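Structural characterization, general
So you can see what is in the structure, the chains are spelled out below.
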Amino acid sequence: MDITFCVHYRGDALPPTNRFCRDCPIAKTACDSLWSLVVALSRSGGGEAVPLPGTHAVMYPNPRTWDIVHLKINTRWGLPKEDFLHFIATGSAQMGRKGERLDTRASPSMTRQEPYVQAIVAALGGEGIPEIQAVRVVQANKQAFLSRTAGSVRQIRE
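Residues numbered from 1 in each chain as written. Predicted model: local features only at pLDDT ≥ 70, side-chain atom pairs only at ≥ 80, totals over all residues. Heavy atoms only, no water.

Notes on the sheet that holds strand β4 (residues 76–80)
As a reminder of what qualifies: What makes two strands pair is DSSP finding at least two bridges between them. Where helices and strands are cited, they refer to DSSP runs of H or I of at least four residues and of E of at least two residues respectively, numbered from the N terminus. Contacts are assigned to residue pairs with any non-hydrogen atoms lying within 4.5 Å of each other. With axes taken as lines fitted to C-alpha atoms, and helix axes fitted only over the stretch in contact, angles between N-to-C directions fall between 0 and 180 degrees.
The sheet built from 4 strands is open, its strands ordered β1-β2-β3-β4 with antiparallel pairing. In this open sheet, the two strands that pair with only one neighbour each are β1 (50–51) and β4. As judged from the 5 bridges shared by strand β3 (residues 68–72) and β4, these two strands associate in the antiparallel manner. Pairing of L71 across the sheet is with W77, part of β4. Against the sheet, helix α3 (residues 116–124) engages β2 (58–61), β3 and β4, with an angle of about 60 degrees to β4.

Here's the deal with the environment of W35
Using the following cut-off: Burial classes follow relative accessibility: with a 1.4 Å probe on protein chains only, a residue under 20% of its type's maximum area counts as buried, one over 50% as exposed, and anything between as partly exposed.
Here W35 lies in helix α1 (residues 31–43). Using a relative accessible area of 0% as the deciding quantity, one classes W35 as buried. Sequence separation between W35 and E82 is 47 residues, and the spatial gap between their C-alpha atoms is 9.5 Å. Beyond its immediate chain neighbours, meaning those up to four positions away, W35 contacts W66, D67, I68, V69, L79, P80, K81 and F84.

Regarding α3
Since the α-helix packs 3.6 residues into each turn, any two residues three or four apart lie on the same face. Turning to α3, its buried residues number three or more, namely Y116, V117, A119, I120, V121 and L124. Following α3 by one or two positions, G125 has its phi on the positive side, about 125 degrees.

Considerations on the pattern of salt bridges
Applicable threshold: Here, a salt bridge means any Lys or Arg side-chain nitrogen found within 4 Å of an Asp or Glu carboxyl oxygen.
Within the structure shown, the criterion is met by 4 salt bridges. The partner of R22 in a salt bridge is E82, with the nearest N and O atoms 2.8 Å apart. Taken together, the residues span a long stretch of sequence, with R22 in the segment before α1 and E82 in helix α2 (residues 81–90) at a distance of 60 residues. Of the residues examined, E82 reaches a relative accessible area of 2% and is grouped as buried. Between D32 and K81 there is a salt bridge, with its nearest N and O atoms 2.5 Å apart. In this pair, D32 sits in helix α1 while K81 sits in helix α2, placing the two residues 49 residues apart along the sequence. Residue class for D32 comes out partly exposed when judged on its relative accessible area of 23%. Owing to a relative accessible area of 2%, K81 belongs among the buried residues under this scheme.

Worth remembering: the numbers are spatial, not functional.
See the structure below:
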């Protein structure tokens with residue numbers, strides 16, 4: 001995990017700090033808006049799994065928590081909010097091993113989330129959507145955004 005993926009991240013990549021995005025006080029500024037699109041996509045099948053184009057995986061919501069959606073090929077696994085946000089910042093969400101927590105290519109959960117995160121980004125409209133751009137601005141702590149925002153992605157478009 002690249003612990004510099006977001007200037008707001010506080011932790012050392014070890015549990016429970018690898019799940020910081022779930023409790024980040026800045027998340028409502030932009031990250032929650034993007035993650036809500038991911039959750040909405042997982043629910044868009046009307047009770048059925050949602051296929052992720054270009055992969056053999058399907059996606060569906062987690063009925064117990066908003067912070068994780070489920071993916072499945074042969075077995076089910078979770079895509080946590082922090083893995084997706086880490087991918088947005090770094091472009092990487094690879095699997096890691098026990099001694100590789102600080103490998104910048106590994107996802108916070110140490111689970112391989114590629115190529116599924118790319119398929120989700122494409123299904124949401126691509127890397128250029130305002131919600132992804134807003135998250136990247138917040139992750140980089142660009143003051144122009146932080147001083148103007150009231151939690152609305154609409155302000156990024158101005």
